Amino acid sequence: MEKIRLLDCTLRDGGYINDWRFGQRTIQNLLARLVDAGCDLIEVGFLRNGAYDPDRTVFRNVKELSRILPDNRKKSRFVAMALHNQYDISQLEENDGTLDAIRVTFHDYDIDEGLEFGRKVMEKGYRLFVNPINIMGYRDAALLKLLKKVRQLSPYGFSIVDTFGSMTRKELTRIYSLCENNLDKKTVLGLHLHENLALSFSLAQDFLEMRETGRKCVLDASLNGMGRVPGNLCMELIMDYMNKNYGKKYDINQVLDAIQEHILPIRQQESWGYSTEYFLSAKHNLHRNYAEYLQKKGNLTSRDMNQILKMIPEKKKAAFDAETAEKLYRKYENRKVDDGGALSQLAEEFGGRRAVVLAPGKSLEEGWKKVRSYIRKEGAIPVSANFYFDEQEGGYAFFSNARRYEEYKTSRKQRSNVILTSNVSGEYGFGDLVINYDRLAYGEKSYSANCGILLLRLLGLLGVKEVALAGFDGYEEGKENYLAGYFGEVYGACAGDNRQIARWLTEIREQMKLTFLTPSRYEEEMR
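Residues numbered from 1 in each chain as written. Predicted model: local features only at pLDDT ≥ 70, side-chain atom pairs only at ≥ 80, totals over all residues. Heavy atoms only, no water.

Engineer: Just to check I follow, could you spell out the overall build of the protein for this structure?
Structural biologist: Within the protein, the regular secondary structure consists of 22 helices and 16 strands. Principal-axis analysis of the C-alpha atoms gives the protein an extent of 85 × 45 × 45 Å. Looking at the 527 residues of the protein, the share that counts as buried comes to 58%. Intrachain contacts of the protein at a sequence separation of at least 6 include 71% that bridge at least 24 residues. Of the roughly 23600 Å² that the protein leaves accessible, carbon and sulfur atoms contribute 45%. (Helix = DSSP H or I, 4+ residues; strand = E, 2+ residues; numbered from the N terminus. Buried < 20%, exposed > 50% of the residue type's maximum accessible area, 1.4 Å probe, protein only. Contact = heavy atoms within 4.5 Å. Areas by Shrake-Rupley, 256 points an atom, 1.4 Å probe, with all protein chains shown as cover.)

Engineer: Looking at this structure, how should I read the side chain of Asn 18?
Structural biologist: Along the chain, the position of Asn 18 falls in helix α2 (residues 15-18). Those residues in contact with Asn 18 that sit more than four places away from it in its chain are Met 226 and Ile 266.

Engineer: How should I be thinking about the nonpolar core in this particular structure?
Structural biologist: Within soluble globular proteins, side chains that are nonpolar tend to cluster in buried spots. Counting 84 residues, the largest nonpolar core has Phe 158 and Ile 238 as its most contacted members. With 55 residues, the next largest nonpolar core counts Met 305, Leu 456, Val 464 and Val 467 among its residues. (Core = buried A, V, L, I, M, F, W, Y, C linked by side-chain atoms within 4.5 Å.)

Engineer: Would you mind showing me how to read helix α15 (residues 340-350) here?
Structural biologist: For the α-helix, the turn length of 3.6 residues means that residues three or four positions removed from each other point alike. Looking only at α15, the buried set comprises Ala 342, Leu 343, Leu 346 and Phe 350. Buried residues in α15, looked at end-on, bunch into an arc of 95 degrees, giving them a common side. Directly after α15, the chain includes Gly 352, whose backbone phi takes a positive value near 75 degrees. (Arc of directions from axis to C-beta.)

Engineer: Got a minute to help me understand the sheet that holds strand β15 (residues 466-470) in this structure?
Structural biologist: For sheets, the rule is that strands pair by backbone hydrogen bonds, running either parallel or antiparallel. Pairing in this open sheet of seven strands is parallel, and the strands run β14-β13-β12-β11-β10-β15-β16 from one edge to the other. Bordering the open sheet on either side are β14 (433-435) and β16 (513-516), each of which pairs with just one other strand. Each adjacent strand pair in this sheet contributes to an overall mean axis angle of 25 degrees, direction not counted. Summarising the sheet, strand β12 (residues 396-399) and strand β13 (residues 417-421) pair through four bridges and their orientation is parallel. In the sheet register, Phe 398 faces β13, and the bridge partner there is Ile 419. Contacts between helix α17 (residues 368-378) and the sheet are confined to β10 (355-358), β11 (381-385) and β15, with β10 contributing the most and set at about 155 degrees to the helix. (Pairing = 2+ DSSP bridges. Axes fitted to C-alpha atoms, helices over the stretch in contact; angles between N-to-C directions.)

Engineer: Looking at this model, I keep getting lost on the pattern of salt bridges. Mind explaining?
Structural biologist: Note on pairing: side chains with opposite charge can pair once their charged atoms come close. Throughout the structure, instances matching the rule amount to 31 salt bridges. Between Arg 376 and Glu 393 there is a salt bridge whose closest N-O contact spans 2.9 Å. Of this pair, Arg 376 sits in helix α17 while Glu 393 sits in the loop between β11 and β12, and the two are 17 residues apart along the sequence. One salt-bridge network, held together by shared partners, links Arg 12, Asp 13, Glu 43, Arg 103 and Asp 220. (Salt bridge = Lys/Arg side-chain N within 4 Å of Asp/Glu carboxyl O.)

Engineer: Help me understand the packing of helix α12 (residues 288-295) against helix α13 (residues 302-310) in this model?
Structural biologist: Helix packing geometry: the angle between the two helix axes and the distance between the axes. Contact geometry for α12 and α13: axes closest at 11 Å, N-to-C directions at 135 degrees. Between α12 and α13, the angle is such that the two are oblique. Considering how the two elements wind past one another, α12 and α13 form a crossing that is right-handed. Contact residues: α12 offers Tyr 290, Ala 291, Leu 294 and Gln 295, while α13 offers Met 305, Ile 308 and Leu 309. Its residues placed into classes, the contact of α12 with α13 shows six nonpolar, one polar and no charged. (Parallel < 35°, antiparallel > 145°, perpendicular 65-115°, else oblique. Left-handed = near helix turned anticlockwise from the far one by under 90°. Nonpolar A, V, L, I, M, F, W, Y, C, P; charged D, E, K, R; others polar.)

Engineer: Help me understand the packing of aromatic side chains, please; the structure alone is not making it clear to me.
Structural biologist: Here a ring pair, both rings aromatic, is described through the centre-centre distance and the interplanar angle of the planes. Overall, the coordinates contain 18 aromatic pairs when judged by the stated rule. With a centroid separation of 5.7 Å and 35 degrees between ring planes, the pair formed by Phe 350 and Tyr 396 is classed as tilted. Highlighted residues: Phe 350 in helix α15 and Tyr 396 in strand β12, separated in sequence by 46 residues. With relative accessibility at 1%, the residue Phe 350 sits in the buried group. Residue classification places Tyr 396 among the buried residues on the basis of a relative accessible area of 4%. The positively charged end of Arg 48 is found above the aromatic ring belonging to Trp 20, 5.0 Å away from the centroid. Note that Arg 48 overlies the ring of Phe 46, its terminal NZ or CZ placed 4.3 Å from the centroid. (Phe/Tyr/Trp six-rings, centres within 6.5 Å; stacked < 30°, edge-to-face > 60°. Lys NZ or Arg CZ within 6 Å of the ring centre and 35° of its normal.)

Engineer: Help me understand the environment of Asn 334, please; the structure alone is not making it clear to me.
Structural biologist: For Asn 334, the location among the structural elements is in the loop between α14 (322-333) and α15. Classification of Asn 334 as partly exposed rests on a relative accessible area of 24%. Sequence-wise, Asn 334 and Leu 65 are 269 residues apart; in three dimensions their C-alpha atoms are separated by 52 Å.

Engineer: What's the story with a negative patch on the surface in this structure? I'm lost.
Structural biologist: A grouping of Glu 365, Glu 366, Asp 390 and Glu 391 is seen on the molecular surface, where their side chains present a negatively charged patch. As for its placement among the helices and strands, Asp 390 is situated in the loop between β11 and β12. (Patch = residues over 30% accessible without salt bridge, like charges linked within 9 Å, V, L, I, M, F, W, Y side chains within 5 Å. Lys, Arg positive; Asp, Glu negative; His and termini not counted. Charge placed at Lys NZ, Arg CZ, Asp CG, Glu CD.)

Engineer: Whenever I open this one, the environment of Leu 456 confuses me. Can you help?
Structural biologist: Here Leu 456 shows up in helix α20 (residues 451-461). The spatial distance from the C-alpha of Leu 456 to the C-alpha of Asn 401 is 15 Å, given a sequence separation of 55 residues. When residues no more than four places from it in sequence are discounted, the contact partners of Leu 456 are Val 357, Val 467, Leu 469, Leu 505, Ile 508, Met 512 and Leu 514.

Engineer: Any chance you could explain the environment of Ala 355 here in plain terms?
Structural biologist: Mapped onto the elements, Ala 355 comes out in strand β10. Using a relative accessible area of 1% as the deciding quantity, one classes Ala 355 as buried. Taking C-alpha positions, Ala 355 is 9.6 Å from Leu 456, a pair spaced 101 residues apart along the chain.

Now the structure itself:
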């Protein structure tokens, strides 16, 4: 069964989790464990320009890489990867047998440059594995054109790389067939899978079943699936499967020990695994950073993210473009409504009165007696921002965040008054008032998606001249910053937000009087 081999890519692909900073001892221990487990090929890391650090699996040349390899390599062989435009090939020595192969990657827009780089690798005496990024982005004609060029180059191997994790059995069958029938029979065929659709283990089995008997193949996997979220095929699963079904004799205990000793502690700090946002990026065959970018906005439901990801142009899918993502996000958020009636109704109610904006900081609960006393004494209208405070009496709940509104609807009190911005999709309650998002998001000097800022801008439009703020605590690293029990995790908050929100509050203070009823880091920044 030597025609089927497993390649461990933990130290290379797993490095996206910890910036390849495994630590020298951990690197050496992982290599020793994988060798003892009988892993066929072990990818040691990247060949890349830059400074050498013995604690990272990024190397400038094979000499540096060789320092961490075990003396007793048994049957294991070692490989490294290079992205052609991130490595100066002149730094690569002539092959001395340290590496079994070098895997070269490139995009669909720089195929010729990538293959030329691969040719130079071969000229230095190394076996070459061609690993084109995002093979799912190639139409049949483009893939056939690539395979023709690869055949002319005659590398040692070629990998089917499902970069965005969007492959299903149907696509794998199509792509495998094209590769099988258009590559030299001696070319080793590899498969690199991701877990976006939670299909990597299933597809690996499909690949082994559809493989032509004479075709040598390599399956990539990593310890516990470690790799850029959502991760890769789990080495422990595929080793066990190979032992049971293909007569292999991998030592699973060595792999399990390596996971327990070195990988799980990393996972506790920086998790990976299947998650909805990466399913959505795979569904649309997009660069994963689009989903990450939208997720960090913190105000989008999965349904909203799906709609925005649908809008990304074909030519922008393969490489992340932050400007495109932001434009589409703002376009989606800025759904126009006729808000004239809502503004008139609110202006009549708020005109000449004070308002109290309730934010979900912990100080709101702690200082509620003071806040309630102020509301009653001044006859002020309370308005909660992206939630509805249980102790609140009357007033409004204002929502600019679709996720928060969906959570609120499940426990909404009858006859509660709600104001929504037009970016919040879904079914509105009877009597809910909807205000155009862009009317509030674009202030005189800046754009803001922060709910409290949007609400204050609305109150300014309504003619309110004095607003008291409660629960505007701000963010502090390592602390519980929000009221318990109202909503789940808040994405993207950071200490830098305090300074930015303070700047927005300073702008608003030019239009109205702001009074903090509870302690606030924003107030400290404004001094």
